[in-house]
Amino acid sequence: WVAFTSDGRLEGEGPCNKFRGSFELDGESLRVHSGTMQAGACPVGEGMPNPGVATVAENLILAPFISDSLFDVDFGDGELLLSVGNLRLVFQQDDG
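Q: Where do I start with the sheet that holds strand β3 (residues 17-26) in this structure?
A: As a general point, the strands of a sheet are linked pairwise by backbone hydrogen bonds and lie either parallel or antiparallel. Ordered in space as β1-β2-β3-β4-β5-β6-β7, the 7 strands form an open sheet in which the pairing is antiparallel. In this open sheet, the two edge strands, each paired with only one partner strand, are β1 (2-4) and β7 (87-92). This sheet shows a mean twist of 30° between the axes of neighbouring strands, independent of strand direction. Bridge analysis of strand β6 (residues 79-84) against β7 gives 6 bridges, and the strand direction is antiparallel. Looking at β7, one finds that V84 is bridged to L87.

Structure (structure tokens):
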């Protein structure tokens, strides 16, 4: 998950790691500023049989959120679409 706050902070969590940083939204661009990632224990179990592989995949996805990155932004049907390089991420709002 990823949360964007009204004061320009972002934080999120994957299966293994947590991260936080800051951002600026300017029209159709989202600039993420260098942040931090906190390594956590990667669970082993159904859907994640090899924590090493899971960590590599997760790091590829999280890397743009902990470095200076410029995402292209698009809003779909209740979705936020972020693209940077070859990475395209689709987020759905959680009203809970």
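Still more to cover.
Q: For this particular structure, what's the right way to read the nonpolar core?
A: In summary, soluble globular proteins display a tendency toward joint burial of nonpolar side chains. The biggest cluster of nonpolar side chains holds 13 residues, and the ones touching the most others in it are L10, F19, L30, V32, F65, F71 and L82. Looking at this core, the elements that each hand over two or more residues are β3, β4 (29-39), β5 (69-75) and β6.

Q: Just checking my understanding: could you explain the pairing of β4 for this structure?
A: Two faces, one strand: in a regular strand the side chains alternate between the faces of the sheet. Bridge count for β3 against β4 is 9 bridges, and the pairing is antiparallel. Directly across from D26, in β4, lies its bridge partner S29. Counting the residues between successive antiparallel strands, the hairpin from β3 to β4 contains 2 residues, one of them, G27, with a positive phi of roughly 65°. Bridge analysis of β4 against β5 gives 4 bridges, and the strand direction is antiparallel. From the neighbouring strand, V32 faces β5, where its bridge partner is S69.

Q: Sorry if this is basic, but what is going on with the packing of aromatic side chains here?
A: The relation between two aromatic rings is expressed through the spacing of the ring centres and the mutual angle of the planes. Tallied over the entire structure, the rule returns 1 aromatic pair. Judged by centre distance (5.2 Å) and plane angle (85°), the ring pair of F4 and F23 falls under edge-to-face. Taken together, the residues span a long stretch of sequence, with F4 in strand β1 and F23 in strand β3 at a distance of 19 residues.

Q: In this structure, what is going on with the side chain of S69? I would like to understand it.
A: Mapping S69 onto the fold places it in strand β5. On the basis of relative accessibility, which here comes to 10%, the residue S69 falls in the buried class. Residue contacts for S69: discarding those within four places in its chain leaves L30, R31, V32 and P64.

Q: I tried to follow the environment of F91 on my own but got confused; where do I start?
A: Tracing the backbone through its elements, the reader meets F91 in strand β7. A sequence separation of 13 residues divides F91 from G78, and the C-alpha atoms of the two residues are 8.7 Å apart. Those residues in contact with F91 that sit more than four places away from it in its chain are V2, F65, G78, E79, L80 and L82.

The rules behind each value
Along every chain, residues carry numbers that run from 1 in the direction the sequence is written. For a predicted model such as this one, the threshold for reporting local features is a pLDDT of at least 70, and the threshold for listing and counting side-chain atom pairs is 80 or more; totals across whole chains, interfaces and linings nevertheless cover every residue. Side-chain measures here rest on the full set of heavy atoms in the structure, leaving out hydrogens and waters. Strands pair, by our definition, only if DSSP identifies at least two bridges between them. Strands are runs of DSSP state E lasting at least two residues, helices are runs of H or I lasting at least four, and both sets are numbered from the N terminus onward. In this description, a line fitted to the C-alpha atoms serves as the axis of each element, helices being fitted only across the stretch in contact, and the angle between N-to-C directions of two axes falls anywhere from 0 to 180 degrees. Nonpolar cores were defined as sets of buried Ala, Val, Leu, Ile, Met, Phe, Trp, Tyr and Cys residues, with membership established by side-chain atoms within 4.5 Å. Throughout, exposure labels follow a simple rule: accessible area from a 1.4 Å probe, protein chains only, divided by the maximum for the residue type, with under 20% read as buried, over 50% as exposed, and the rest as partly exposed. Working definition: rings of Phe, Tyr and Trp (its six-membered ring) pair if their centres are within 6.5 Å, and the pair is stacked with planes under 30 degrees apart, edge-to-face with planes over 60 apart, and tilted otherwise. Whether two residues are in contact is decided by their heavy atoms, any of which lying within 4.5 Å being enough.

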